[in-house]
Structure formats: structure tokens, C-alpha cells
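Fold and geometry: a report
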Amino acid sequence: LDTSELVAEFSGFGGKINLDSSLYHQASAEQCIKVLADISDNYSKVLIVGHNPSLENLIEGLTNRIELMKTCSLSRIDIQIKSWKDIIIGKNKSELIGIWHPNVKND
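Below: a short report on this structure. (Residues numbered from 1 in each chain as written. Predicted model: local features only at pLDDT ≥ 70, side-chain atom pairs only at ≥ 80, totals over all residues. Heavy atoms only, no water.)

For the chain, the count of helices and strands is three helices and two strands. Counting helices and strands in the order they occur from the N terminus, the chain gives α-α-α-β-β. In terms of overall dimensions, the chain is globule-like: its C-alpha atoms have a radius of gyration of 14 Å, near the 13 Å expected for 107 residues. Overall, the C-alpha framework of the chain stretches about 45 × 30 × 25 Å when taken along its three principal axes. Expressed as a percentage of the 107 residues in the chain, the buried residues total 25%. (Helix = DSSP H or I, 4+ residues; strand = E, 2+ residues; numbered from the N terminus. Rg over C-alpha atoms; globule rule 2.2 N^0.38 Å. Buried < 20%, exposed > 50% of the residue type's maximum accessible area, 1.4 Å probe, protein only.)

A word on the pattern of salt bridges. Counted under the stated rule, the structure contains two salt bridges. A salt bridge links Glu 67 to Arg 65, with the shortest nitrogen-to-oxygen separation between them at 2.8 Å. Two residues, Arg 76 and Asp 78, come together in a salt bridge whose shortest N-O distance is 3.0 Å. (Salt bridge = Lys/Arg side-chain N within 4 Å of Asp/Glu carboxyl O.)

Turning our eyes to something else, we now look at helix 3 (residues 54–63). Most of helix 3 is tucked away: seven of the ten residues are buried. Tucked into the core, helix 3 has its buried residues touching helix 2 (29–37), strand 1 (74–79) and strand 2 (94–100). Asn 64 occupies a position one or two residues after helix 3 and carries a positive phi of about 60°. (Contact = heavy atoms within 4.5 Å.)

Further remarks concern unusual backbone geometry. Backbone torsion omega between Asn 52 and Pro 53 reads 10°, so that peptide bond is classified as cis. Looking at the element boundaries, Pro 53 is found in the loop between helix 2 and helix 3. Here Cys 72, not a glycine, exhibits a phi torsion of approximately 70°, which is positive.

Right, dumping it as C-alpha cells:
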């Protein structure tokens, strides 16, 4: 929740943050997909805030790419689906657009 609120604040997001306790700690990629499949089709973009290995497994399941997600990293995946209910691990055409890692300065 704390991380989600910080992301919302710094990105200027003023909407509602939906919390799903099934994503906390080590949710499987399949559990992440279940949460995504329940999203209203009114939303075309979704941000999942979670922990590893859940997010790395989700990226791999959607894109067939193994990627390192460091603390506070962001990734963008474009998924070609008509409805969130259509999202299935390994079945949808998905593209990893990029991964952004935080710049950390050691003083």
C-alpha cells in the first residue's frame, strides 16, 4: 500500500488504488493473471505494484523473456487483448516495451 500510494503521488494519479491481498508477497504469475482478468474493460492501462519473484514470473509468462526486476523497477508490457478476461499466460501476443530501473546514487 505504501509503495502504491507513493507511485500514485509522484505520477499525479488521482484515482482509486485497488488493493488485492493475493498479490502481496509471492503471488504466482497465474494469480496476477486472475487479478488482471477481473479488471473492468473501462481501463486500458493498469499498474501492478508487487514483489518478486511474482513480477519477474509475470513478465516471463506474458512475454517469454526472463528479466531482472530490481527494487522500484517499472516495466511496460503491451498485450493485444480485446478484454481483460482474455488474458492468459503464454496465449496472448505481448511485447515487453521496456524496463526502467531507479538511478541510485551512493553518497
